[in-house]
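Results of the structural survey
Listed below are the residues making up each chain.
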Amino acid sequence: MTTSVALSDTFGSDLLRGVGAILLYGVVGLLLMFAGFYAIDWTTPGKLSQLVTRGLPNAVIVTASGLLSMAFIVVVAIFNSASDLTEGLITSLVYGLLGIIVQVIAVRLLEWATRIDVGSTIESEKFAPASIVVAAAHLGLGLVVAVGIS
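We now turn to the structure provided with this report. These figures come from a predicted structure and were not determined experimentally.

What counts, and at which threshold
- Residues numbered from 1 in each chain as written.
- Predicted model: local features only at pLDDT ≥ 70, side-chain atom pairs only at ≥ 80, totals over all residues.
- Heavy atoms only, no water.
- Helix = DSSP H or I, 4+ residues; strand = E, 2+ residues; numbered from the N terminus.
- Rg over C-alpha atoms; globule rule 2.2 N^0.38 Å.
- Buried < 20%, exposed > 50% of the residue type's maximum accessible area, 1.4 Å probe, protein only.
- Contact = heavy atoms within 4.5 Å.
- Areas by Shrake-Rupley, 256 points an atom, 1.4 Å probe, with all protein chains shown as cover.
- Lys, Arg positive; Asp, Glu negative; His and termini not counted.
- Charge placed at Lys NZ, Arg CZ, Asp CG, Glu CD.
- Polar contact = N/O pair within 3.5 Å; in protein donor to acceptor, adjacent residues only side chain to side chain.
- Patch = residues over 30% accessible without salt bridge, like charges linked within 9 Å, V, L, I, M, F, W, Y side chains within 5 Å.
- Salt bridge = Lys/Arg side-chain N within 4 Å of Asp/Glu carboxyl O.
- Expected span 1.5 Å × (residues − 1).
- Core = buried A, V, L, I, M, F, W, Y, C linked by side-chain atoms within 4.5 Å.

**Observations regarding the overall build of the chain**
Scanning the chain from N- to C-terminus turns up six helices and zero strands. Helices and strands appear in the chain in the N-to-C order α-α-α-α-α-α. Relative to the compact-globule value of 15 Å for 150 residues, the chain shows a C-alpha radius of gyration of 20 Å, a clear excess of over 25%. Seen along its three principal axes, the alpha-carbon backbone of the chain occupies a region of about 70 × 35 × 25 Å. Burial analysis of the chain (150 residues in total) assigns 35% to the buried set. The contacts in the chain between residues at least 6 apart in sequence include a share of 81% that link residues at least 24 apart. Carbon and sulfur atoms make up 72% of the accessible area of the chain, which totals about 8,900 Å². Where the 6 positive side-chain charges of the chain centre and where its 9 negative ones centre are 13 Å apart.

**A look at the side chain of serine 131**
Examined against the element boundaries, serine 131 turns out to sit in helix 6 (residues 130-149). Look at serine 131 and you get buried, because its relative accessible area is 0%. Of the polar contacts made by the side chain of serine 131, one reaches the side chain of asparagine 58; its length is 3.1 Å. In contact with serine 131, not counting residues within four places along its chain, are Asn58, Ile61, Val62 and Thr121.

**Some thoughts on a nonpolar patch on the surface**
There is a patch of nonpolar side chains on the surface, built from Val5, Leu7, Phe11, Leu15, Val19 and Leu23 and spanning about 610 Å² of accessible area. With respect to the helices and strands, leucine 15 occurs in helix 1 (residues 11-43).

**A few points about helix 6**
For helix 6, with 20 residues, the first-to-last C-alpha span of 29 Å sits near the 28 Å given by 1.5 Å per residue. Looking at the packing, one finds that the buried side of helix 6 touches helix 1, helix 3 (57-79), helix 4 (85-114) and helix 5 (118-123).

**Comments concerning the nonpolar core**
Within the largest apolar cluster, 25 residues are counted, with the highest numbers of intra-cluster contacts made by Met70, Ile73, Ile100 and Ile122. In this view, methionine 70 contacts Met33, Gly36, Ile40, Ile100, Gln103 and Val104; residues no more than four positions away in its chain are not counted.

**Looking at the side chain of threonine 44**
Mapping threonine 44 onto the fold places it in the loop between helix 1 and helix 2 (48-53). Of the residues examined, threonine 44 reaches a relative accessible area of 4% and is grouped as buried. In terms of polar contacts, threonine 44 uses its side chain to reach the backbone carbonyl oxygen of isoleucine 40, at 2.6 Å.

Structure representation (structure tokens):
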């Protein structure tokens, strides 16, 4: 008994187009994550990468939550992008960058409203419960901005 698999005539080109789209969206997502990290680093007192490398627990918590919040924004920006690949890449990039800007401003305003001294919190060698509040602000506002994109 012989069994054959019937593939459409465009299977190969569709597969290649899909692989190309994944790679391109991956590059756009990576660029947006870098932009998000540097936006957080630039607007947060202290050099986050150095503080994280030193293993300061609050810096790790704040940085990790900031990266997760940026990932929410990037994922939703890509998910809601146009169906055409070129338009989708452009809308993902624009929505992602706008989302990052809104996220950074919103988190800084919330930190200001709560009167948390983020600089001294992230530079502390001991765990500070206030870092959880900053992390929650990052994650919560990241979700809000991500849903706003959709």
